[in-house]
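Close look at the chain arrangement
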Amino acid sequence: MIVTEPPLARLRRDMPDVMAQLDMLWTILPDARLVGGAVRDLLLGGRVTDMDLASPHAPESVMERLRHAGIRVVPTGLSHGTVTAVLEGRPFEITTLRRDEETDGRHATVAWTHDWREDAARRDFTINAMSCDRTGRVHDYFSGQADLAAGRVRFVGDARLRITEDALRILRFFRFQARYGRGAADGEAIAAITALSGLIERLSVERIWLELKRILIGPRVVETLERMRACGVLAHVLPEGCDIVRLARLLACDAPADAVLRLAALVAGDTRAVARRLKLSRADSTALAQTRGAVVPMPGMDAGMVAPMLADHDRRDLVWRTWLCQADAPGAPDPAWTTLRTMLERMEKPVFPLTGRDLVAAGCAPGVSVGRVLGQVRQWWLEGGCTAGRAACLGQMHAILQHDRHNL
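Residues numbered from 1 in each chain as written. Predicted model: local features only at pLDDT ≥ 70, side-chain atom pairs only at ≥ 80, totals over all residues. Heavy atoms only, no water.

Digging into unusual backbone geometry
In most cases, non-glycine residues show a negative phi, while peptide bonds are predominantly trans. Positive phi, close to 50 degrees, is recorded for E88, a residue that is not glycine. Looking at the element boundaries, E88 is found in the loop between β4 (82–87) and β5 (90–96). Phi angles above zero are rare outside glycine, and R220 is one such case at about 50 degrees. Exposure remark for R220: the relative accessible area of 29% places this residue in the partly exposed category. (Helix = DSSP H or I, 4+ residues; strand = E, 2+ residues; numbered from the N terminus. Buried < 20%, exposed > 50% of the residue type's maximum accessible area, 1.4 Å probe, protein only.)

Quick notes on the pattern of salt bridges
Per the counting criterion, the structure on display carries 27 salt bridges. Notably, a salt bridge pairs R90 with D17, separated by 3.2 Å at the nearest N-O pair. One end of the pair, R90, is in strand β5; the other, D17, is in helix α2 (residues 16–28), with 73 residues separating them in the sequence. Here E165 makes a salt bridge to R169, at a shortest N to O gap of 2.8 Å. Across the pair, R169 and E165 agree in class, each one buried. Several salt bridges share partner residues, and in doing so they unite E5, R10, R13 and D14 into one network. (Salt bridge = Lys/Arg side-chain N within 4 Å of Asp/Glu carboxyl O.)

A few points about α2
Taking 1.5 Å of rise per residue, the 13 residues of α2 would be expected to cover 18 Å, and the 19 Å separating its terminal C-alpha atoms lies within 8% of that figure. Residues of α2 that are buried include every one of V18, M19, Q21, L22, L25, W26 and I28, and no others. (Expected span 1.5 Å × (residues − 1).)

Examining helix α21 (residues 368–383)
End to end, α21 covers 23 Å across 16 residues, agreeing with the expected 22 Å (1.5 Å per residue, within 8%). Of all the positions in α21, only V370, V373, V377, W381 and L382 are classed as buried. Summarising the contacts, the buried residues of α21 are in contact with α17 (303–312), α20 (356–361) and α22 (390–406). Positive backbone phi, at 80 degrees, marks G385, one or two positions downstream of α21. (Contact = heavy atoms within 4.5 Å.)

What about the side chain of S131?
Relative to the elements of secondary structure, S131 occurs in strand β8 (residues 131–132). Residue classification places S131 among the buried residues on the basis of a relative accessible area of 4%. Here the side chain of S131 touches R33 through a polar contact of 3.1 Å, side chain to side chain. In contact with S131, not counting residues within four places along its chain, are R33, L34, V35, V39, W116, R137, V138 and H139. (Polar contact = N/O pair within 3.5 Å; in protein donor to acceptor, adjacent residues only side chain to side chain.)

And the structure:
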């Protein structure tokens, strides 16, 4: 529901420092307007993060005016007309009004324009095509306010044309529908997406993962993924196969809203293959692969049983495995899993108290023998629940060395 309070009045009340900076920019660029998500979220009364503006002036002119006023400006995307003004560490992206001259579904060649409606017409959805000037007036060329109030996510103009301009809008549609839509999704949009779902394969996997990640941690995840599958989209995003039911069970367990954890539950195929294809970061790839580890703490285990696992594995990996195991075992008592995870989180990670230097100091010749004996002592330490201290481990080490010398 759109709030009745004027957008700038709310901004002036809730974020006076941001409003003061906007006023400064409007003094320099009086024709500029807030655009896109900032206007949408101000109208909804929600949290506003990105303060993006548009200007009818060419980017070089915008930069010159800002620098003349002593404001730091960064040419972040001159080929697309975007510069970033930085005020007290806060960035404000300012993009020159533009129209697409040519597009291949991934990249567009643009030309500058002074026509606000023409610029709005190239945006993805009506709820993202509004702008707000310095007086607080909202300029709405495609009934974005009505759609926002009704919970409708519609493409601006022809849905098929908007998608062919940039196929990423397919995934963006599902993300926005999940967050802002109510009731049935727009029929024209669904028909266009179903017909053009194959265009997703033209996108870089980095862009696909960025949108999928946002969908996975957003609202109505299962409903959204089911809708994506019905349109043929999910098969292009995750051709390795999906298990939406398993993800639904994970969500029902109230697991953390982590995109990689949710992806681990969703992927039915080889997680390493998914990580390679989507070009996940090294950290995310490792985390995704480790969720399939064989060592899993289970309810009923005590500290002595869990400690050896924690000594050999990352704490987060073990905790994530418990979430996935719980999702695979519906009906398991939630309190038992919660107790287990609480114990895991509170336990200090056991650290084996000996090193190779201790063996060398005891007269063991450097080389293979050091590793063998150290491994034997460590195995004894693990089997004892990692409770033996340094003195006890040294005693076990000397006992093994003495046994070895006796058998020579």
